[in-house]
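The lines below spell out each chain.
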Amino acid sequence: MDAPRKPPAHDAMLADHGFDPVESDGLTYPLGDYEPKYGEYFELMPGIGWTRTPVPGPLGHINNWILADRHENGSAGFAIADTGLFMPQVIDAWKHLFDEGALHGQSATKIIVTHYHPDHVGCAGWLAKRFKAPLHMNRTEWMLTKMLIADKRDGVPQEALDEWRFCGWDQNLIDDFAAKGWGRFARAVSDLPIGHIRMEEGTRVRTGDHEWRVMIGNGHTPEHACLIDDTAKVMISGDQILPRITSNISTMLSEPTSDPLGEWLASIDRFRAELDNELLILPAHGRPFLGAHQRLDALAERHNEALDDLEQGLRESPKRVVDSFPYLFRRPITPDVIGMASGEAMATLRHLEYTGRARLDIKDGTAWYSAV
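Residues numbered from 1 in each chain as written. Predicted model: local features only at pLDDT ≥ 70, side-chain atom pairs only at ≥ 80, totals over all residues. Heavy atoms only, no water.

Going by an unreviewed UniProt entry, the protein chain carries the name MBL fold metallo-hydrolase and comes from Parasphingorhabdus flavimaris.

Dropping the structure here:
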């Protein structure tokens with residue numbers, strides 16, 4: 001693992017950072033193609049550092065933000081925003097930073113988590129315990145994490161089996177998934193502290209010279225927290241705004257009749273209306289970028305096109321959830337991603353249903369959607 005290196009000179013607005021900006025799809029990447037390696041620290045701007053930890057599969061990484069802070073006694077410290085999966089490679093990357101790297105000799109003041117997904121909350125409990133630092137998290141996201149960590153049953157719940165059948169999965173595939181057991185979330189997430197400091201819409205969180213206001217988005221998870229410093233014009237967006245990929249919007253087993261896509265589209269509209277387009281967006285995946293409005297417009301367009309395409313498909317013939325995949329995804333859906341694909345397809349079909357564009361009929365436990 002490379003030792004942290006001193007970044008090029010820059011000013012607070014990244015106007016003199018030593019990199020050549022790159023423009024792509026209407027977005028500007030001020031740091032060009034630069035990306036820190038796992039366990040490497042890069043000072044993005046005064047008070048904000050950037051590192052990465054590994055994520056298995058196509059994502060490959062999650063960005064972790066190191067925010068300069070001060071302890072109550074005035075000594076230097078740091079807050080961590082989003083923590084990575086609780087797995088050996090990630091823990092090794094953090095230990096490198098703490099024991100040998102740029103954070104050597106300091107300790108954490110706060111652990112901040114944007115939402116409950118394992119790549120964001122995985123190491124939160126371990127870090128909070130290591131540094132005796134409070135966990136800042138949205139209440140709903142914290143409770144979901146606690147619930148899923150505690151759910152270590154041996155067998156797959158009947159509700160999950162029924163949901164897979166509802167989506168039209170082949171019985172052999174259902175049997176294969178049932179054989180893999182349950183509780184995989186708990187294997188990737190360290191146990192959280194008993195308590196947390198709640199982040200809700202409008203909450204203010206201070207780290208060093210930065211004051212962050214919390215803005216809650218819905219759809220990707222129930223109450224995803226973003227942090228915005230309006231003075232420095234920077235936003236920690238988590239998975240709410242990503243530069244290249246589209247966040248998964250899925251119907252959850254805990255809320256099988258919900259409309260997460262409707263919530264997601266409403267959040268896009270609200271963020272588009274309220275965010276300054278000059279904000280530097282610090283996403284969970286990909287590189288920091290400028291162009292929040294352009295990206296939000298593209299996300300809305302992508303989902304609305306998918307809704308139109310799928311509605312047209314339903315006019316041709318009724319569809320099960322699994323039959324909708326070709327209308328929504330550009331890649332073949334293999335068993336390793338069928339869970340996420342089914343959740344997103346279900347969210348799209350539910351939204352068509354709830355907006356009066358599709359009708360649901362259930363036959364032998366399987367959903368069939370048709371156009372109205």
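Having seen the structure, we can now continue with the description.
**Q** Would you mind going over the overall build of the protein chain with me for this structure?
**A** Scanning the protein chain from N- to C-terminus turns up 11 helices and 17 strands. Taking 372 residues into account, the globule formula puts the C-alpha radius of gyration at 21 Å, and the protein chain, at 21 Å, falls close to it. Projected onto the principal axes, the alpha-carbon positions of the protein chain cover approximately 65 × 45 × 35 Å. When each of the 372 residues of the protein chain is scored for burial, the buried share is 55%. Taking the 38 positively charged and 55 negatively charged side chains of the protein chain as two groups, their mean positions are separated by 3 Å. (Helix = DSSP H or I, 4+ residues; strand = E, 2+ residues; numbered from the N terminus. Rg over C-alpha atoms; globule rule 2.2 N^0.38 Å. Buried < 20%, exposed > 50% of the residue type's maximum accessible area, 1.4 Å probe, protein only. Lys, Arg positive; Asp, Glu negative; His and termini not counted. Charge placed at Lys NZ, Arg CZ, Asp CG, Glu CD.)

**Q** Just checking my understanding: could you explain the pattern of salt bridges for this structure?
**A** Where charged atoms from two side chains of opposite charge approach closely, those side chains can pair. Throughout the structure, instances matching the rule amount to 24 salt bridges. A salt bridge links Arg-213 to Asp-230, with the nearest nitrogen and oxygen atoms 2.6 Å apart. With Arg-213 in strand S11 (residues 210-217) and Asp-230 in the loop between strand S12 (224-229) and strand S13 (234-238), this residue pair connects regions lying 17 residues apart in the sequence. For Arg-213, a relative accessible area of 16% puts it in the buried group. Taking the shortest distance from any N to any O, the salt bridge between Glu-274 and Arg-270 comes out at 3.9 Å. In this pair, Glu-274 and Arg-270 both sit in helix H8 (residues 260-274), 4 residues apart, roughly one turn of the helix. Assessed through its relative accessible area of 42%, Glu-274 is described here as partly exposed. Here Arg-270 falls in the partly exposed class, since its relative accessible area comes to 25%. Each of Asp-33, Glu-35, Arg-52 and Arg-287 takes part in one network of salt bridges that share partners. (Salt bridge = Lys/Arg side-chain N within 4 Å of Asp/Glu carboxyl O.)

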